[in-house]
Amino acid sequence: MNVETGATFADIAASEEQFQLATYKKMAIAAERGEGVWIYTSEGEKYLDLYGGHAVAGTGHCHPHVVARIREQSERLLFYSNLVYSEVRAQAAEKLVSLAPEHLTKVFFCNSGTEANENAMRMARMSTGRENIITFDGGFHGRTADAISATFLGKYREIGKPNVPGHIEARFGDIGSVRQLANESVAAIMLEPIQSMAGVRMAAPQFYRDLRELCDERRIVLIYDEVQTGVGRTGEWFFAGSKTGHRVVPDVLTLAKALGSGIPVGACLVSDKIASHIKENDLGTTFGGGMIAMAAVAATLEAIEQDQMLANVRDVETYLRSRLKEVEQVVSVRGLGFLLGIEFAGKAATVHKSLLDRKIITGTSSNPRVLRLLPPLCLKRAEVDQFVDALTQVTKTEP
Ligand SMILES: Cc1ncc(COP(=O)(O)O)c(C=O)c1O
């Protein structure tokens, strides 16, 4: 084996390239250790992580409370399925439901974002007896068959061919386009309330209210895909039900990414009405609700609460936005909380690369001019200063 413990970056990269499918364009670093907003590499270098490992490290890397609960649980019981009751599963479900908008009273646990969305769509079909799902241009919902068929963004539906039937595209932010399509065949309208991958797109407040009204009027299930926006990212527990989310509450809300701080877990939060249509054996997945994942969920929610991370997100977002005004090349800043899109006149990929050279990890998006930030919720003002200073330098010479 080429890769012994303590291997160099060159050996690690060569091995991964030899033995793994090349499905991702990787940054030229090997992550070895993480702490809060920092990633340490195989070469002993320290990177400021403003991407949070794909929006997953909400509590920061290796939050001590999360690590301790996972460790304790791993010594007690790694896994037993939903065929038995479990204290840690009870704790995780109760905590999650207690933080959710009042109207969402039950949870179904699964393993990823795409699986949460598949189950959300299935529940909508089961509870309405209808088949069609309306989603939006620019929305991303995952890569399994039904979810990729609901993804009207770039090449994804093409990759997923043949697509699952029953998917209809409306225009994000355009209620007229939805009204035209929302007939008696429609089971659900599903949306990312803030479209992340599309370059952090938000709709006008009235659009969310109108969607809720339309769904009530035509007995359609409203699904919010909060795989990215959920679990504190917007400075609220969820976009759904919050002031910044215009108090609109969907019938189903899906979560994954930051929910387990890095342990794979997804969830669907549902209303009583939806729950009343779901019977034994209608949904299921072996690993859903497993003990390690449940310890991670409970600990993640506790850590966000204990460290008052929601207030931190709101405070640091305000600071970051004010400092970004100093950077001449920034055209606009979109999004909410720690899901921010920084728009440039030129290419964001060039900025991304130059920042990486200065040991700052950021993200790009499907909009070539938008750089995405999805940092841990514990990011502080001093780290914002480091980022903005670097951004000022790199954009002086580039876009
Ligand atoms: C909004 C949204 N929904 C769903 C997914 C799919 O999640 P997963 O990769 O966990 O299947 C993603 C992943 O990026 C996402 O951003």
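Shown above is the structure to which this text applies.
Within each chain, residues carry numbers counting from 1 in the order of the written sequence. Residue-level local features of this predicted model are given only where pLDDT is at least 70; pairs of side-chain atoms are given and counted only at 80 or more, and the full residue set underlies all totals for whole chains, interfaces and linings. As a rule here, side-chain values cover all heavy atoms of the structure and leave hydrogens and water aside.

## Thoughts on the site of the ligand
Here is step 1 of the chain: In the vicinity of the ligand, the contacting residues are S112, G113, T114, N117, F140, H141, G142, E192, D225, V227, Q228 and K257.
Here is step 2 of the chain: Here F140 contributes a backbone N or O atom positioned 3.3 Å from a nitrogen atom of the ligand.
Here is step 3 of the chain: Here a polar contact means two N or O atoms within 3.5 Å. Within protein one must be a hydrogen donor candidate and the other an acceptor candidate, and residues neighboring in sequence count only if both atoms are side-chain atoms. Q228 places a side-chain nitrogen or oxygen 2.9 Å from an oxygen atom of the ligand.
Here is step 4 of the chain: Only the protein chains shown count as cover for residues, and all accessible areas are computed by the Shrake-Rupley method using a 1.4 Å probe. Protein burial of the ligand: of its 390 Å² of free accessible surface, 82% is covered by the chains.
Here is step 5 of the chain: The way it works is that DSSP assigns letters per residue, a run of H or I at least four long becomes a helix, a run of E at least two long becomes a strand, and they are numbered from the N terminus. Tallying contributions element by element places helix α5 (residues 113–128) first for the shell around the ligand, with three residues.
Here is step 6 of the chain: Considering only residue class, the shell around the ligand consists of two nonpolar, seven polar and three charged. The criterion for a residue being near a molecule or strand is simple. One of its heavy atoms has to lie within 4 Å of it. Under the scheme applied, nonpolar residues are Ala, Val, Leu, Ile, Met, Phe, Trp, Tyr, Cys and Pro; charged residues are Asp, Glu, Lys and Arg; polar residues are all the others, including Gly.

## Let's talk about the pairing of strand β13 (residues 330–336)
Here is step 1 of the chain: Each pair of strands is called paired provided DSSP finds at least two bridges between the two strands. Pairing analysis gives six bridges linking β13 to strand β14 (residues 339–344), with the strands arranged antiparallel. Bridge assignment links V333 to a residue of β14, and that residue is I342.
Here is step 2 of the chain: Counted along the chain from β13 to the antiparallel partner β14, the turn is two residues long, and its residue G337 has a positive phi close to 60 degrees.

## A closer look at the nonpolar core
Here is step 1 of the chain: One finds V178, I189, F238, F387 and L391 to be the most contacted residues of the largest nonpolar core, which totals 99 residues.
Here is step 2 of the chain: With twelve residues, helix α11 (residues 291–306) is the single largest residue contributor to this core.
Here is step 3 of the chain: The contact criterion used is simple: two residues touch if any of their non-hydrogen atoms lie within 4.5 Å. Residues in contact with F238, not counting those within four places in the same chain, are L96, L99, A100, P101, E226, G230, V231, L253, L255 and L269.
Here is step 4 of the chain: We call a set of buried residues a nonpolar core when its members are Ala, Val, Leu, Ile, Met, Phe, Trp, Tyr or Cys and they connect through side-chain atoms within 4.5 Å of each other. Three labels apply to residues, based on accessible area from a 1.4 Å probe with only protein chains included: buried if under 20% of the type maximum, exposed if over 50%, partly exposed otherwise in between. Membership of the second largest hydrophobic core comes to 20 residues, among which are A124, I133, A150 and I274.

## Details of the state of the cysteines
Here is step 1 of the chain: In what follows, a disulfide is any cysteine sulfur pair within 2.5 Å. Considering all chains together, one arrives at zero disulfides under this definition.
Here is step 2 of the chain: Here C62 stays unpaired: no disulfide links it, and the sulfur of C378, its closest cysteine neighbor, is 11 Å away.
Here is step 3 of the chain: The exposure class assigned to C62 is exposed, which follows from its relative accessible area of 53%.
Here is step 4 of the chain: Left without a disulfide partner, C215 is nearest to the cysteine sulfur of C268, which lies 17 Å away.

In short, geometric facts, not functional conclusions.
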